[in-house]
Amino acid sequence: MTVHSFQEHFDSLIDREIAIEPKDWMPDDYRKTLIRQISQHAHSEIIGMLPEGNWITRAPSLRRKAVLLAKVQDEAGHGLYLYSAAETLGISRDEMYDQLHTGKAKYSSIFNYPTLTWADMGAIGWLVDGAAIMNQVPLCRTSYGPYARAMVRVCKEESFHQRQGFEIMLTLSKGSEVQRKMAQDALNRWWWPSLMMFGPPDAESPNTESSVRWRIKRFTNDELRQKFVDVTVEQAKVLGLEIPDKDLKWNEERGHYDFGKINWAEFYNVIKGNGPCNKQRLDARRKAWEDGQWVRDAAMAHAAKRKERSATKAA
Amino acid sequence: MSLEYTLRLADDALILGHRLSEWCGHGPILEQDIALTNTSLDHLGRARSLFQYAAEQFNNLPENEKKTAVTSVAIQNLVNTGNTLDEDDMAFLRDGWDFRNVLLVEQPNNDWAYTVARALYYDAFAFYFFSALQNSKETTLAAIAEKSLKEVTYHLRWSSEWVVRLGDGTEESRERMQTALNELWSFTGELFNMSDAEKEAALSGIGVDLASLQPKWMERIASVLQEATLEVPKGTWMQEGGKHGRHTEHLGYILAEMQFMQRTYPGMEW
C-alpha cells in the first residue's frame, strides 16, 4: 500500500467507527495527539493523588479514611492503565515521567489548587470527578482501542468516586453550622476551576477540530461545560448550597443555564505554572522519583543477578 | 482486661496502617505505591474490626469501670453524658498514654529500606501471632485472626521479597537495608514481652503466649536475611514501653495529625 492508501484505509476505519489498534497504520499527527492526550491524562491521575492524599492521615472517621485511601489508590490504578495504553503508541513510561518532571508534559490544572479543609474531599469528588466523568464518558467510544478500553474501567470507578464525594457534601450540608460553612467554602473555591477543566472556549481551542474529526473527541469543550453546569446546579440545590455565580440563571429559550464569565486569565496563568500549588505538586513527584532511584536500581540489579544465576544453573 | 487486650491489638493495626498510608502518592514505583496502599487498607480494616469490638466491650462495662478503663478527658466527657462509644471514639479520642501499640509500628518511614525493615519485623510476628490467635476462645478475635492471617501471609511475602531485593541488589541498597534492620532491631524485643493484659489473655485462652512465638520469628528473620545476604543485627538492648502507654516521641505527632478533626470539631457526623 502507498501512504495514500494507508491513509484511506485509516479514514475508512474511523468513518465506520472501527477501533484503531496498536498495530494499525496511523497518521503521525493522530499518534502524537493521542500520546499527548493519554499521557496528560495519566499524569493528571498521578498528580491528582496528591491533593487528596493530603487528607488521608487527617480523615475525620475511620470509614472515611478507608474510602479515601481506596479512592487515591484507584487513581494510581488509572494512571497505570493509561500509561500502559500510551505505551502501545511507542513511548515508554520513563519517557513520560521525564516529560512530566521537566515540565514538558501538562496535567489537569485543577490539581494545582490546594485542599484546605475536609470538605475539599467532598468537593473534589462531586465537582472535579463529576467534570472528569463528563469529559471521559465519551472517551469510552474514542477511536483508539486501548484508550477506549482503559476509559471504560476508569469511568466506572470515577462515577463511584463522584457519588462518594457528593455523599460527603450531603453529610456536611446536613450537619452543624461549621460543617455547612466548610461545604460552602469548598464549593466557592472549586466551582470556577471545575468549569475550567473542560478547557478553553471552542473558539480558542487549538486541538478541537482534528480531534473531533478523528473521533478522539466527540463533544466540544463548551458543549460539555454546559452539560456539567446544567446537571451540577440541580445537585447544589439538593445540598442547599449556593453556586458562587451571580449571573447563573435558567434560560428558558436555550433550555440551559446561562452562567457568568470564566476568568480565563487565571486559567492560562495556572497552566503557565503560577497556580497556588504547581510548584509543590511537581516537587512532590520529582522527590518521589529521585528518592526512589536507588530502590529501582536495586530491583533491577537484583533481577539481573537472579537471571544470571538461573542461566548458570541451566548451563 | 479483655478490653485492654483488644485495644492492644487494634492500636498496632491503626498506627502501622497510618504510617504506611503516608506513602500513598509518594512511592518509588507506581505498582508499589498501589501495593503498599493495599497493605495499609488491610491494617486499617483490622483496626476497625477491633475498635468496633473494643467499643462493644467498653459499652458493656459496669459504670464504675468505664470511669477508669480509658482516662482521656474526651472519652470521660462522653461517658459522663451517658453516651456509648464507637470505633471512631476509640481511635480519635484516646490520649497518647492510652495507646497500647508496640514502639516498632510508630517509627517513621524514613526511606524504603526502613519501611521494608519495619514491615518484615512486624509481618513475621503477625504471621505467627494470628496463626495462633485463630484458636482464641473469643470467637470475635478468632474470626478477625482468621481473616488477618490471609492478609498478613501476603504482607510477609511482600516484605521478605523486598528485603531480599534490597539486600542482594546494589551496594547502596545493601548498606541502606542493613542500616535500617540494625536501627529498628531494638524495637523487636517488645513484640514478645508480655504485658499483664497479654499474660492474662494467654492464660485464659483468649490471647497468645508470645514467648512461644519468638523462636519461630527468629528463625524466619534469619532465613530471610540469609537469602538477602544480610546479617542478623547483634544488638541485645531492647526498647519497650508502648504496651504500657509509654511511647517514643513520634506517637504524639501521629495523634496530633490523625485526631485533629475529631478533636477540633467534636460530636459531629462526617
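As shown above, the structure is provided for reference.
In this report, we go over the structure that sits alongside the text. Keep in mind that this is a model prediction, so the values were computed, not measured. (Residues numbered from 1 in each chain as written. Chains lettered and ligands numbered in written order. Predicted model: local features only at pLDDT ≥ 70, side-chain atom pairs only at ≥ 80, totals over all residues. Heavy atoms only, no water.)

**Some words on the overall build of chain A**
Next up, step 1: Secondary structure summary: chain A contains 12 helices and two strands in total.
Next up, step 2: Scanning chain A from its N terminus toward the C terminus, one meets helices and strands in the order α-α-α-α-α-α-α-α-α-β-β-α-α-α.
Next up, step 3: Computed over its C-alpha atoms, the radius of gyration of chain A comes to 22 Å, within 12% of the 20 Å expected for a compact globule of 315 residues.
Next up, step 4: Per-residue burial over chain A gives 54% buried out of 315 residues.
Next up, step 5: Long-range pairs, those at least 24 residues apart, make up 76% of the contacts in chain A with a sequence separation of at least 6.
Next up, step 6: Accessible surface, chain A: about 14600 Å² in total, of which carbon and sulfur atoms supply 55%.
Next up, step 7: Seen as two clouds, the 45 positive and the 42 negative side-chain charges of chain A have centres 6 Å apart. (Helix = DSSP H or I, 4+ residues; strand = E, 2+ residues; numbered from the N terminus. Rg over C-alpha atoms; globule rule 2.2 N^0.38 Å. Buried < 20%, exposed > 50% of the residue type's maximum accessible area, 1.4 Å probe, protein only. Contact = heavy atoms within 4.5 Å. Areas by Shrake-Rupley, 256 points an atom, 1.4 Å probe, with all protein chains shown as cover. Lys, Arg positive; Asp, Glu negative; His and termini not counted. Charge placed at Lys NZ, Arg CZ, Asp CG, Glu CD.)

**Looking at the pattern of salt bridges**
All names here are of chain A.
Next up, step 1: Evaluated as defined, the whole model comprises 36 salt bridges over all chains.
Next up, step 2: A salt bridge links Asp129 to Lys71; the shortest N-O distance between them is 2.7 Å. Of the two residues, Asp129 is situated in helix α5 (residues 119–136) and Lys71 in helix α3 (residues 62–87); the sequence distance between them amounts to 58 residues. For the pair formed by Asp129 and Lys71, the shared burial category is buried. (Salt bridge = Lys/Arg side-chain N within 4 Å of Asp/Glu carboxyl O.)

**Section: the packing of aromatic side chains**
Next up, step 1: In this structure the tally under the stated criterion is 26 aromatic pairs over all chains.
Next up, step 2: Between the aromatic rings of Trp250 of chain A and Tyr257 of chain A, the centroid separation amounts to 5.0 Å while the plane-to-plane angle is 75°, which identifies the pairing as edge-to-face.
Next up, step 3: Since its relative accessible area comes to 40%, Trp250 of chain A is described here as partly exposed.
Next up, step 4: Measuring from centroid to centroid gives 5.6 Å for Trp112 of chain B and Trp162 of chain B, while their planes differ by 85°, and the two rings are edge-to-face. Of this pair, Trp112 of chain B sits in helix α7 (residues 112–133) while Trp162 of chain B sits in helix α8 (residues 139–167), and the two are 50 residues apart along the sequence.
Next up, step 5: On the accessibility criterion, Trp162 of chain B (2% relative accessible area) is buried.
Next up, step 6: Aromatic rings pair up to connect Tyr121, Tyr122, Phe125, Phe129, Phe130, Trp185, Phe192 and Trp217 of chain B into one cluster.
Next up, step 7: Across the ring face of Trp55 of chain A, the terminal group of Arg58 of chain A is positioned such that the distance to the ring centre comes to 3.7 Å. (Phe/Tyr/Trp six-rings, centres within 6.5 Å; stacked < 30°, edge-to-face > 60°. Lys NZ or Arg CZ within 6 Å of the ring centre and 35° of its normal.)

**Some details on α7 of chain B**
Residues and elements named next belong to chain B.
Next up, step 1: With 22 residues, α7 extends 30 Å from end C-alpha to end C-alpha; this agrees with the ideal 32 Å at 1.5 Å per step.
Next up, step 2: Burial within α7 is extensive, with 20 of its 22 residues counted as buried.
Next up, step 3: Structurally, the start of α7 carries an N-cap: the backbone nitrogen of Ala113 is 3.0 Å from a side-chain oxygen of Asp111. (Expected span 1.5 Å × (residues − 1). Polar contact = N/O pair within 3.5 Å; in protein donor to acceptor, adjacent residues only side chain to side chain.)

**As for the packing of helix α2 (residues 28–53) of chain A against helix α6 (residues 145–173) of chain A**
Residue and element names in this part refer to chain A.
Next up, step 1: Their axes nearest at 13 Å, the elements α2 and α6 cross at an angle of 25°. Looking at the two axes, α2 sits roughly parallel to α6. For the pair α2 and α6, the sense of crossing is left-handed. Judged by residue contacts, Leu34, Gln37, Ile38, His41 and Glu45 of α2 engage Tyr147, Met151, Val154 and Glu158 from α6.
Next up, step 2: Within the contact of α2 with α6, the residues separate by chemical class into five nonpolar, two polar and two charged. (Axes fitted to C-alpha atoms, helices over the stretch in contact; angles between N-to-C directions. Parallel < 35°, antiparallel > 145°, perpendicular 65-115°, else oblique. Left-handed = near helix turned anticlockwise from the far one by under 90°. Nonpolar A, V, L, I, M, F, W, Y, C, P; charged D, E, K, R; others polar.)

**Some details on the side chain of Ser39 of chain A**
Residue and element names in this part refer to chain A.
Next up, step 1: When you line up the elements, Ser39 lands in helix α2.
Next up, step 2: Within the local environment of Ser39, its side chain forms a polar contact with the backbone oxygen of Ile35, the two atoms lying 2.7 Å apart.
Next up, step 3: Non-local contacts of Ser39, meaning those with residues more than four positions away in its chain, are made with Leu34 and Met96.

Keep in mind that these numbers describe shape and distance, not what the molecule does.
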